[in-house]
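Read off the chains here:
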Amino acid sequence: MEDSLVLWRVVCHGDRVPDELPTQPPMPDAKWSAGSLRITSRTISAEEISEALGLDPHDKFEQGSLAIPCNPDSFRRESSVWILTSGLGSDRWPDEHAAALIKLLEGRHEALARLAADCEVELLLGFGSENGQGGCVLPSDLLKEVGLLGIDVVLDLYPPTPGDVSSTAE
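Remember, predicted model here, so these are calculated numbers, not experimental data. (Residues numbered from 1 in each chain as written. Predicted model: local features only at pLDDT ≥ 70, side-chain atom pairs only at ≥ 80, totals over all residues. Heavy atoms only, no water.)

Here we look at the packing of helix α3 (residues 94–104) against helix α5 (residues 140–149)
If you want to describe how two helices pack, look at the angle between their axes and the distance between the axes. The test is simple: Helix axes are fitted only over the stretch in contact, all axes being lines through C-alpha atoms; the angle between N-to-C directions runs from 0 to 180 degrees. Put simply, DSSP marks the helices as runs of H or I at least four residues long and the strands as runs of E at least two long, and each gets a number from the N terminus on. These descriptions rest on fixed angle ranges, namely under 35 degrees for roughly parallel, over 145 for roughly antiparallel, 65 to 115 for roughly perpendicular, and the rest for oblique. Crossings are sorted by hand: turned counterclockwise from the far helix by less than a right angle, the near helix makes the crossing left-handed, and turned clockwise it makes it right-handed. In this analysis, two residues are considered to be in contact whenever any of their non-hydrogen atoms come within 4.5 Å of each other. The nonpolar class holds Ala, Val, Leu, Ile, Met, Phe, Trp, Tyr, Cys and Pro. Asp, Glu, Lys and Arg form the charged class, and all remaining residues, Gly among them, are polar.
At their nearest, the axes of α3 and α5 sit 10 Å apart, and the two run at 45° to each other. The angle between α3 and α5 places the two elements in the oblique class. Between α3 and α5 the crossing geometry is left-handed. Residue-level contacts link Asp 95, Ala 98, Ala 99 and Ile 102 of α3 to Leu 142, Glu 145, Val 146 and Leu 149 of α5. Taken together, the residues of the contact of α3 with α5 break down into 6 nonpolar, no polar and 2 charged.

So, in structure tokens, the structure goes:
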């Protein structure tokens, strides 16, 4: 992730690309996961979403803002976007990310229901595995809580790249 931040700084600020970016060799069978709550709206600002929920997001973008702030030619966002991450490390399972996000929403069910009338509310769960194998269980009680909140679940799966597959087959 640090490598991508370095590249972002280079692209946005015009710095010279370092000759050697620090990299780590992939670990065999490395797995990762992530979780976040994403709320988007064409009628409610990201700031208003924060006020309604009484939560500060980890990231937010207002409708009409540039998708890439350092590139004036990038497209402008059609919707406001509000993102709250689980706060857990990538070594945790997707169900743990989901449970942490549900806990952050405790006492905010009515506010979330009001927002859902004008917003798209999604629980994003990402998972990747170097060898392409893996999965998780989303317990029924957790799914029930998500369902009661009226939140859609998006599973974002990242298969290995062709280089990953060949390196694990050796």
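Some points on helix α4 (residues 109–116)
Keep this limit in mind: Relative accessibility under 20% of the residue-type maximum defines a buried residue, over 50% an exposed one, and the middle range a partly exposed one, all with a 1.4 Å probe and only protein chains included. The arc in question is the one spanned by the directions pointing from the helix axis to the C-beta atoms.
Along α4, the residues that are buried comprise Ala 111, Leu 112 and Leu 115. The buried residues of α4 occupy one face: seen down the axis, they fall within an arc of 100°. Within α4, the exposed residues directed more than 90 degrees away from the buried face are Glu 110 and Arg 114. Along its buried surface, α4 packs onto β1 (31–41), α2 (46–53), β4 (120–129) and α5.

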